[in-house]
Amino acid sequence: MDNLIELSKKMPKTELHLHIEGTFEPEQMFAIAQRNNVKLKYSTVDALKAAYQFTNLQDFLDLYYQGMSVLLHEADFYDLTMAYLEKVNSENVVHVEIFFDPQGHLSRGVSFDVQIRGIYNALQDAEKKWGMTSKLIMSFLRHLSEESAFDTLEQAKPYLSWIDGVGLDSSEVGHPPEKFLRVFEACKKLGLKVTAHAGEEGPPEYVWQAIDQIGVDRIDHGNRALEDDKLIDTIKERNLTLTVCPLSNLKLCVVNDMKDHPIRSMLKLGLNATVNSDDPAYFGGYMNDNYTSLINDTGISKEELFQLAKNGITGSWMEEHHKEQHLKQLNSLFA
Ligand code: ADE
Ligand code: ZN
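Residues numbered from 1 in each chain as written. Chains lettered and ligands numbered in written order. Predicted model: local features only at pLDDT ≥ 70, side-chain atom pairs only at ≥ 80, totals over all residues. Heavy atoms only, no water.

The name an unreviewed UniProt entry assigns to the protein chain is Adenine deaminase, from the organism Marinomonas alcarazii. Entered under Catalytic activity (unreviewed entry) in the UniProt record, the comment concerning the protein chain runs "adenine + H2O + H(+) = hypoxanthine + NH4(+)". The annotation that UniProt attaches to the protein chain under Function (unreviewed entry) is "Catalyzes the hydrolytic deamination of adenine to hypoxanthine. Plays an important role in the purine salvage pathway and in nitrogen catabolism." (UniProt positions renumbered as here; feature names shortened; annotations may be inferred.)

A. Region of interest: the overall build of the protein chain. Along the backbone of the protein chain there are 17 helices and eight strands. Overall size of the protein chain, expressed as C-alpha extent along the three principal axes, is 50 × 40 × 40 Å. By the burial criterion, 59% of the 335 residues in the protein chain qualify as buried. Long-range contacts, defined as pairs at least 24 residues apart, comprise 77% of the intrachain contacts of the protein chain with a sequence gap of at least 6. Carbon and sulfur atoms make up 47% of the accessible area of the protein chain, which totals about 13200 Å². Charged side chains in the protein chain number 33 positive and 50 negative. The centres of these two groups are separated by 3 Å. (Helix = DSSP H or I, 4+ residues; strand = E, 2+ residues; numbered from the N terminus. Buried < 20%, exposed > 50% of the residue type's maximum accessible area, 1.4 Å probe, protein only. Contact = heavy atoms within 4.5 Å. Areas by Shrake-Rupley, 256 points an atom, 1.4 Å probe, with all protein chains shown as cover. Lys, Arg positive; Asp, Glu negative; His and termini not counted. Charge placed at Lys NZ, Arg CZ, Asp CG, Glu CD.)

B. Structural detail: helix α15 (residues 287–298). Compared with an ideal rise of 1.5 Å per residue, which puts twelve residues at 16 Å, α15 spans 16 Å between its outermost C-alpha atoms and is within 8% of the ideal. Counting buried positions along α15 gives nine out of twelve residues, so the element sits mostly inside the fold. Following α15 by one or two positions, G299 has its phi on the positive side, about 70°. (Expected span 1.5 Å × (residues − 1).)

C. The coordination of the zinc ion (ligand 2), seen in detail. Distances from the zinc ion (ligand 2) to its protein donors, namely H17 (NE2), H19 (NE2), H197 (NE2) and D278 (OD), fall within the range 2.0 to 2.3 Å. Positions of the donor residues of the zinc ion (ligand 2) along the chain correspond to the pattern H-x1-H-x177-H-x80-D. Of this pair, H17 sits in strand β1 (residues 13–19) while H197 is found in strand β5 (residues 193–198), placing the two residues 180 residues apart along the sequence. Under the relative-accessibility criterion, H17 is labelled buried at 0%. (Donors = N, O, S within 2.8 Å, 3.2 Å for Na, K, Ca; no water.)

D. Structural detail: the site of ligand 1. The immediate surroundings of ligand 1 are formed by H19, L57, F60, L61, Y64, D169, S170, H197, E200, H221, D278 and D279. Between ligand 1 and the protein, one listed contact pairs a nitrogen atom with a side-chain N or O atom of E200 at 2.8 Å. Interatomic distance of 2.7 Å between a side-chain N/O atom of D279 and a nitrogen atom of ligand 1. For ligand 1, the accessible surface in isolation is 260 Å², of which the surrounding protein chains cover 100%. At a threshold of 2 Å from the grid points, most atoms of ligand 1 map onto the largest cavity. In terms of residue count, the dominant contributor to the shell around ligand 1 is helix α4 (residues 57–68) (four residues). Considered class by class, the residues forming the shell around ligand 1 number four nonpolar, four polar and four charged. (Near = heavy atom within 4 Å. Polar contact = N/O pair within 3.5 Å; in protein donor to acceptor, adjacent residues only side chain to side chain. 1 Å grid on protein atoms, 1.4 Å probe; cavity = no way out; pocket = protein on both sides within 12 Å on 5 of 7 lines; lining within 4 Å. Sits in = over half its atoms within 2 Å of the grid points. Nonpolar A, V, L, I, M, F, W, Y, C, P; charged D, E, K, R; others polar.)

E. Representation of the packing of helix α1 (residues 2–10) against α15 in the model. Interaxial distance between α1 and α15 falls to 10 Å at its minimum, and their mutual angle equals 155°. Taken together, the axis directions place α1 and α15 in an arrangement best described as roughly antiparallel. For α1 against α15, the interelement crossing comes out right-handed. Judged by residue contacts, L4, I5, S8 and K9 of α1 engage N288, Y291, T292, I295 and N296 from α15. In the contact of α1 with α15, the residues fall into four nonpolar, four polar and one charged. (Axes fitted to C-alpha atoms, helices over the stretch in contact; angles between N-to-C directions. Parallel < 35°, antiparallel > 145°, perpendicular 65-115°, else oblique. Left-handed = near helix turned anticlockwise from the far one by under 90°.)

F. Structural detail: the nonpolar core. Counting residues in each nonpolar core, the largest one holds 105 residues, and the members touching the most others are L85, F140 and I235. For this core, the element with the most residues is helix α7 (residues 112–130), which contributes eight residues. Excluding its chain neighbours within four sequence positions, the residues that come into contact with L85 are V96, I98, A122, L123, A126, W130 and M132. (Core = buried A, V, L, I, M, F, W, Y, C linked by side-chain atoms within 4.5 Å.)

G. Molecular detail of the layout of surface pockets. Put simply, the largest pocket is a space of about 200 Å³. Along its surface, the largest pocket is lined by 15 residues, and Q124, E127, S134, K135 and D164 are the ones closest to its centre. Going through the elements one at a time, α7 and β3 (133–141) are the ones with two or more residues in the lining of the largest pocket. The volume enclosed by the second largest pocket comes to roughly 160 Å³. Lining the second largest pocket, in full, are K193, D217, N239, T241, N272, N311, T314, G315, S316, W317 and K323. (Points joined across faces, edges and corners; volume = space filled by probe spheres on them.)

H. Representation of the sheet that holds strand β4 (residues 165–169). The strand order across the open sheet built from eight strands is β1-β2-β3-β4-β5-β6-β7-β8, with neighbouring strands paired in parallel fashion. In this open sheet, the two edge strands, each paired with only one partner strand, are β1 and β8 (272–275). Going across the sheet, the axis of each strand differs from the next one's by a mean of 25°, ignoring polarity. In terms of strand pairing, β4 meets β5 through two bridges, oriented parallel. Paired with G165 across the two strands is K193, which belongs to β5. (Pairing = 2+ DSSP bridges.)

I. Broad picture of the UniProt feature "domain: Adenosine deaminase" (unreviewed entry) in the protein chain. UniProt records the feature "domain: Adenosine deaminase" (unreviewed entry) at residues 12–329, using the numbering of this structure. End-to-end, the C-alpha atoms of residues 12–329 are 7 Å apart, and along that stretch the chain is 50% helix and 15% strand.

What follows is the structure, encoded as structure tokens:
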């Protein structure tokens, strides 16, 4: 088991499901709150950390939106992003695809320009420093209206050359993908890739909608797709990647015990499952912690570990020559 953990730390990894606002470590949150003169609801780092006990997605989202409220300036977005990139660079993550939630900041008077400039500059600097490649995904908050999503897309238009795709996140149940059908159609016409959170808490029907109506390129989470055999076949036929988030699933009670995590079943069914951290500052771990947890608790084999890492490369939106380079490195490490 220790050998597998070592291997998982060394292997080249991609992160395809990561909310940059979910990387906000309490220490950094307090530091930025102080420099911006913003008061947090919790008076100490420990008090805040103690509140990270969630029974469902909404419990977490309430704290997540509170936390991001201290981000005001371009430097705040830069520092947040750079702290995450430094962390995962030390874990041999070679490529990241990052979500940001513009509406969570626009609603507080923070301009699109301020947000994206800070995030984008950090991504560029990571590529210069370490050769780490990236894609940026603008995510729509599904608890808000279609009109708000369209308005956000308008604000994004001057920055489309920095944005690779769009996503759909926040409170899933009651906000099915079809609510945003027309927005996603407009995004696709602009040449953006499309992904959506589906089947985290929501029913298989939402995964069907993401595939059949929205025409997603990828599915974020997808756990509940396993309840529907026909849906499993469709995901396989379309060769869709699932961005699975083990520690997130545990913290948000999508699974009750890591031993019961369905990721090995997904692989056995032939689904392109990948490992990702979602909101690592809130869920107790970054990429390596997610792999370690799977190795310790689910008994994944060396072959399965290899398959997960390989799926992360092939299911990413990175350039083909980069995929080939990372696959070669992965193959030689596992040889
Ligand atoms: N926003 C940040 N993390 C999320 C998650 N796991 N599900 C839905 N929305 C999110
Ligand atoms: Zn997510």
